[in-house]
Amino acid sequence: MSCPFPYDGRMERRGSHDHAATPDPEKITTVAEARELIDAVDAQLAVLLERRAALSAAVQRLKPVGGYPGRSPGREREIVEAMSAHAPRLGPERLALIMSAVIEAGLDAAAEDRSRA
Ligand SMILES: O=C(O)C(=O)C[C@]1(C(=O)O)C=C[C@@H](O)C=C1
C-alpha cells in the first residue's frame, strides 16, 4: 500500500512523507483509509474553527459596531481571496460559501456568549 501523501525530498528522514500536505486521492484505495484520513483532518479543523471563533469574538468586542450589524463584506472578500491561494481545488466561490457559514457561526457563538454574560 503506497502512502497517499507526497514524498518530501527536503525532509530529513529518508522516505518520509509530508502528512500536512494534500494527499493524492488516486492513491487512497479503501473507504476506511479515506475516512480515517478525513477524521484526522476534521479533528484539526474543529480545533482551528474553535480558535477562529474565539478571535472573531474578540473583534466583535473591540469593533465599534460588532456582531451581525457590523458584518464587513469587504473584509470577507479579502479573507476568501487570501485563502483561495491555498485551496485551488475548492476555488473562491466554494470558499466564499464555506467562509460565510464559518463567519456566521462565529458571530452566533459570540452573541450567545454576550447574552450569557
Ligand atoms: O474583521 C472583522 O471586522 C470581523 O468582524 C471578523 C469577521 C471574521 O469572523 O473574520 C466577522 C465578521 C465580518 O463580516 C468580517 C470578519
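Rules of the game
- Residues numbered from 1 in each chain as written.
- Predicted model: local features only at pLDDT ≥ 70, side-chain atom pairs only at ≥ 80, totals over all residues.
- Heavy atoms only, no water.
- UniProt positions renumbered as here; feature names shortened; annotations may be inferred.
- Helix = DSSP H or I, 4+ residues; strand = E, 2+ residues; numbered from the N terminus.
- Axes fitted to C-alpha atoms, helices over the stretch in contact; angles between N-to-C directions.
- Parallel < 35°, antiparallel > 145°, perpendicular 65-115°, else oblique.
- Left-handed = near helix turned anticlockwise from the far one by under 90°.
- Contact = heavy atoms within 4.5 Å.
- Nonpolar A, V, L, I, M, F, W, Y, C, P; charged D, E, K, R; others polar.

As for the UniProt feature "domain: Chorismate mutase" (unreviewed entry) in the protein chain
The feature "domain: Chorismate mutase" (unreviewed entry), as given by UniProt, occupies residues 25-114 in the numbering adopted here. Its end C-alpha atoms 43 Å apart, residues 25-114 is made of 76% helix and 0% strand.

Focus on the packing of helix 2 (residues 73-84) against helix 3 (residues 91-116)
The N-to-C vectors of helix 2 and helix 3 enclose an angle of 125°; their axes lie 9 Å apart at closest approach. Between helix 2 and helix 3, the crossing angle belongs to the class labelled oblique. By crossing handedness, the relation of helix 2 to helix 3 is classed as right-handed. Across from Glu76, Ile79, Val80, Met83 and Ser84 in helix 2, the residues of helix 3 making contact are Pro92, Leu95, Ala96, Met99 and Ile103. In terms of residue class, the contact of helix 2 with helix 3 is made up of 8 nonpolar, 1 polar and 1 charged.

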